[in-house]
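Structure assessment
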Amino acid sequence: VDLEDGLELLHRSSARMLALASFGLAGSPQRPAVPHGVARARLPVAAVAEETVAEDTWAGAETWSKAFAEPEAIFEINRIKEILPHRYPFLLVDKVIEFEAGKRCVGVKKVTSNEEFFNGHFPQRPIMPGVLQVEAMAQVGGLVALQEPITDGKGDFFFAGVNNVKWRRPVVPGDTLVMEMELT
């Protein structure tokens, strides 16, 4: 998913700001490398029950954990809640992994099958609504705009509009939205 031309945000106590933004979409992590000379194969369920996996072909939890390693958060969810007024089910930023005060921010949203909007959009093929993806990105912009040196954190911050949004593929449970906002 990417937002090519920009996102306009309006803050009550300041003039209009143009925020150039981009979405990154990280799907399921890549499988860890399998040891040299080992091939993975899908077996029928009955065959799996009969097969024993040799120790040298098993990746194991430790290898998978390293493959799923997450970047360290600069702002955890509790810090985000101190800055943004949003709460469940509309708080759409889980953590911040990069931040430059008054300038830019990279936020992350882990999309899970437990999201409330999947109950109706769509039950048989859950897809995160595009408008909520844009809202998540606007919240990342709010993390920049609702702190020093832009504001003292008091007042309201409103999303005013968006132009030329293009989605490359659906966002589904298991995906991770990585959103970057830069105020210019």
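Glancing now at the confidence of the model for the chain. Averaged over every residue, the pLDDT of the chain is 78; residues scoring 70 or more account for 70%. The spread of mean pLDDT over the elements of the chain runs between strand S2 (residues 7-11), the lowest at 29, and strand S4 (residues 95-100), the highest at 98. Predicted confidence is poor over residues 27-32, with pLDDT under 50, and the contacts of this stretch with residues over four places away or in other chains come to 13 contacts. Predicted confidence for residues 46-50 stays below pLDDT 50, and this span has one contact to residues more than four positions away or in other chains.

Turning our eyes to something else, we now look at the side chain of Lys109. You can see Lys109 is positioned in strand S5 (residues 104-110). For Lys109, a relative accessible area of 4% corresponds to the buried category. Among the polar contacts made by the side chain of Lys109, one reaches the side chain of Glu115 at a distance of 2.9 Å. Leave out the neighbours within four places in its chain, and Lys109 touches Leu92, Asp94, Glu115, Asp175, Thr176, Leu177 and Met179.

Moving on, we come to the packing of aromatic side chains. To describe a pair of aromatic rings, one takes the distance between the centres and the angle between the planes. What the rule picks out here adds up to three aromatic pairs. For the ring pair Trp64 and Phe68, a centre distance of 5.8 Å and an interplane angle of 35° mean the geometry is tilted. Here Trp64 falls in the partly exposed class, since its relative accessible area comes to 23%. Owing to a relative accessible area of 39%, Phe68 belongs among the partly exposed residues under this scheme. Arranged with centres 4.9 Å apart and planes meeting at 50°, the rings of Phe75 and Phe99 form a pair that is tilted. Remark: Phe99 occurs in strand S4 and Phe75 occurs in the loop between helix H2 (60-67) and helix H3 (77-83); sequence separation between them is 24 residues. Sitting over the ring of Phe75, Arg79 keeps its end group 5.6 Å from the ring centre.

Procedures and definitions
- Residues numbered from 1 in each chain as written.
- Predicted model: local features only at pLDDT ≥ 70, side-chain atom pairs only at ≥ 80, totals over all residues.
- Heavy atoms only, no water.
- pLDDT = per-residue confidence, 0-100.
- Helix = DSSP H or I, 4+ residues; strand = E, 2+ residues; numbered from the N terminus.
- Contact = heavy atoms within 4.5 Å.
- Buried < 20%, exposed > 50% of the residue type's maximum accessible area, 1.4 Å probe, protein only.
- Polar contact = N/O pair within 3.5 Å; in protein donor to acceptor, adjacent residues only side chain to side chain.
- Phe/Tyr/Trp six-rings, centres within 6.5 Å; stacked < 30°, edge-to-face > 60°.
- Lys NZ or Arg CZ within 6 Å of the ring centre and 35° of its normal.

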